[in-house]
Amino acid sequence: MTTPRRARVFSGIQPSGMLHIGNYLGAIQQWVAGQGEKTNFICIVDLHAITVPQEPAALRRQIRELAALLIAAGIDPQQTTLFVQSHVRAHAEGCWLLNCVTPLGWLERMTQYKMKAQKQESILTGLLDYPILQAADILLYDTDEVPVGEDQKQHVELTRDIAQRFNGLYGETFVVPKPVIRESGARVMALNDPTAKMSKSDFTRGHAIRVNDSPDEIRWVIKRAVTDALASIGFSNDPARAGVNNLLQIYELFTGQSRESIESHFAGKGYGALKADVTEAVIEGLRPIRERFERLIADPAEIDRILSIGASQARAVADPKVRVVMDRMGFVLPA
Ligand code: AQP
């Protein structure tokens, strides 16, 4: 009897700036919780980061900072293959091969492309091609599950379409992966505007809480968080209550309490009390991450060592897969 294959999990994160609690609650917390039972690959997607202009020195610093932050947040390199995308050439090769089976119209429909393109003076070709590189990332690892925030759902669906198209053209080659999005934290909203997603690239003070923000900064941001005039505290899908709902979800994910107990805890209390408790939960939740991060970032050689082991493990999976893909497409493989 053959033992069933352990489910494969793949997800990526861009080194495009300091992480915010949306990245942490929407994605990283899920990745940490899922370690152990499945085979996990977490990729620092530096090739994706350059789809918008990056300053080279800042990018180099951010790649190591992101690695340190992921480990500080609980990614265990003994249980998860943690690596940098550009260290595994198969990702760029896979992207080119999949470019040549994907209709342009599929990319032009992508919401994230349309939104990001609006913010650029000159749109780089890579920005349009971003989801195909993401598809290559995922498909090269025979991934079953892609745990992401809701903003990435459309890209994972496109990955499924590309996998199915390739399998239809060249025979069964790719596992068709599914997005895994949890209910709370799927879309952490900006604290100064609960109609907008919290985003790394918005630097307005009050928009986001960064994972390494000081307790004073966290107090400042939550004190000014937009709520509403309804003065009652409960989880809700009503857009008019998005600010309060966002604060409650942040509280839920940092404390691990049930919605029921949270609602009874806040029953009859005002927004001042809500904000005070959310502030405390966020400060205490981020404190150990910030402390571990400070220790890890002081030793860049150790970070590079961990990333080099991760890259070897990733190459052992991705390199043979790209050869299979090329073989199916009719290339003569180098001996
Ligand atoms: N606000 C959010 N709520 C929940 N999840 C989120 N994610 C991002 N923002 C939120 C999830 O974090 C993971 C890594 O994201 P990324 O860095 O690869 O891509 P992104 O979506 O482009 O992140 P940002 O913060 O919005 O960066 P910019 O401003 O550079 O575009 C993904 O799983 C994502 O869903």
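Given the structure is predicted, the values throughout are model-derived calculations rather than measurements.

## Remarks on unusual backbone geometry
1) Next: In the Ramachandran plot, Asp 142 falls in the positive-phi region, its phi being about 50° despite a non-glycine side chain.
2) Next: Residue position: Asp 142 is located in the loop between helix H7 (125-139) and strand S4 (145-147).
3) Next: Phi at Ala 231 takes a positive value of approximately 50°, unusual for a residue other than glycine.
4) Next: With respect to the secondary-structure elements, Ala 231 resides in the loop between helix H9 (215-223) and helix H10 (242-255).
5) Next: Owing to a relative accessible area of 58%, Ala 231 belongs among the exposed residues under this scheme.

## Quick notes on the state of the cysteines
1) Next: Scanning the model with the defined rule gives zero disulfides in all.
2) Next: In this structure Cys 100 is a free cysteine whose sulfur lies 9.3 Å from that of Cys 95, the closest cysteine sulfur available.

## Side note on the packing of helix H3 (residues 56-72) against helix H13 (residues 300-329)
1) Next: Contact geometry of H3 with H13 gives a least axis separation of 10 Å together with a crossing angle of 80°. In terms of orientation, H3 and H13 fall into the roughly perpendicular class. The segment H3 lies against H13, with Arg 64, Ala 67, Ala 68 and Ile 71 engaging Pro 300, Ile 303, Asp 304, Ile 306 and Leu 307.
2) Next: Tallied by class, residues from the contact of H3 with H13 come to seven nonpolar, no polar and two charged.

## Regarding helix H8 (residues 153-170)
Every α-helical turn comprises 3.6 residues, leaving residues that sit three or four positions apart pointing alike.
1) Next: The terminal C-alpha atoms of H8 lie 26 Å apart, and with 18 residues this matches the ideal 26 Å at 1.5 Å per residue to within 8%.
2) Next: Of the residues making up H8, those classed as buried are His 155, Val 156, Leu 158, Thr 159, Ile 162, Ala 163, Phe 166 and Asn 167.

## Digging into the packing of helix H4 (residues 90-99) against H13
1) Next: Following both chains from N to C, one finds H4 and H13 inclined at 25°, their axes separated by 10 Å at the closest point. With respect to H13, the axis of H4 lies roughly parallel. Both H4 and H13 take part in a crossing whose hand is left-handed. Here Ala 90, Glu 93, Gly 94 and Leu 97 of H4 come into contact with H13, specifically with Ala 318, Asp 319, Val 322, Val 325, Met 326 and Met 329.
2) Next: Broken down by class, the residue content of the contact of H4 with H13 amounts to seven nonpolar, one polar and two charged.

## Points about helix H6 (residues 111-118)
1) Next: Taken together, the buried positions of H6 are occupied by Gln 112, Tyr 113 and Ala 117. Within H6, the buried residues cover an arc of 125° as seen down the axis, which keeps them to one side. In this structure, H6 carries Met 115 and Gln 118 as exposed residues pointing more than 90 degrees from its buried face.
2) Next: Against the buried residues of H6 lie helix H5 (104-108), H7 and H8.

## Some words on the domain arrangement of the protein chain
1) Next: When the domains of the protein chain are assigned, the result is domain 1 (8-180 + 300-329) and domain 2 (215-295).
2) Next: The distance between the C-alpha centroids of domain 1 and domain 2 comes to 31 Å.
3) Next: Between domain 1 and domain 2, the residue contacts involve 10 residues of the former and seven residues of the latter.
4) Next: Carbon and sulfur atoms make up 81% of the surface buried where domain 1 meets domain 2, a total of about 830 Å² over both sides.
5) Next: For domain 1, the biggest contributors to the area lost against domain 2 are Ile 21, Leu 25 and Ala 72; these three give 54% of the whole.

Cut-offs and rules
Residues numbered from 1 in each chain as written. Predicted model: local features only at pLDDT ≥ 70, side-chain atom pairs only at ≥ 80, totals over all residues. Heavy atoms only, no water. Helix = DSSP H or I, 4+ residues; strand = E, 2+ residues; numbered from the N terminus. Buried < 20%, exposed > 50% of the residue type's maximum accessible area, 1.4 Å probe, protein only. Disulfide = S-S within 2.5 Å. Axes fitted to C-alpha atoms, helices over the stretch in contact; angles between N-to-C directions. Parallel < 35°, antiparallel > 145°, perpendicular 65-115°, else oblique. Contact = heavy atoms within 4.5 Å. Nonpolar A, V, L, I, M, F, W, Y, C, P; charged D, E, K, R; others polar. Expected span 1.5 Å × (residues − 1). Left-handed = near helix turned anticlockwise from the far one by under 90°. Arc of directions from axis to C-beta. Domains from an automatic or database assignment. Buried area = accessible area lost by both parts, 1.4 Å probe.

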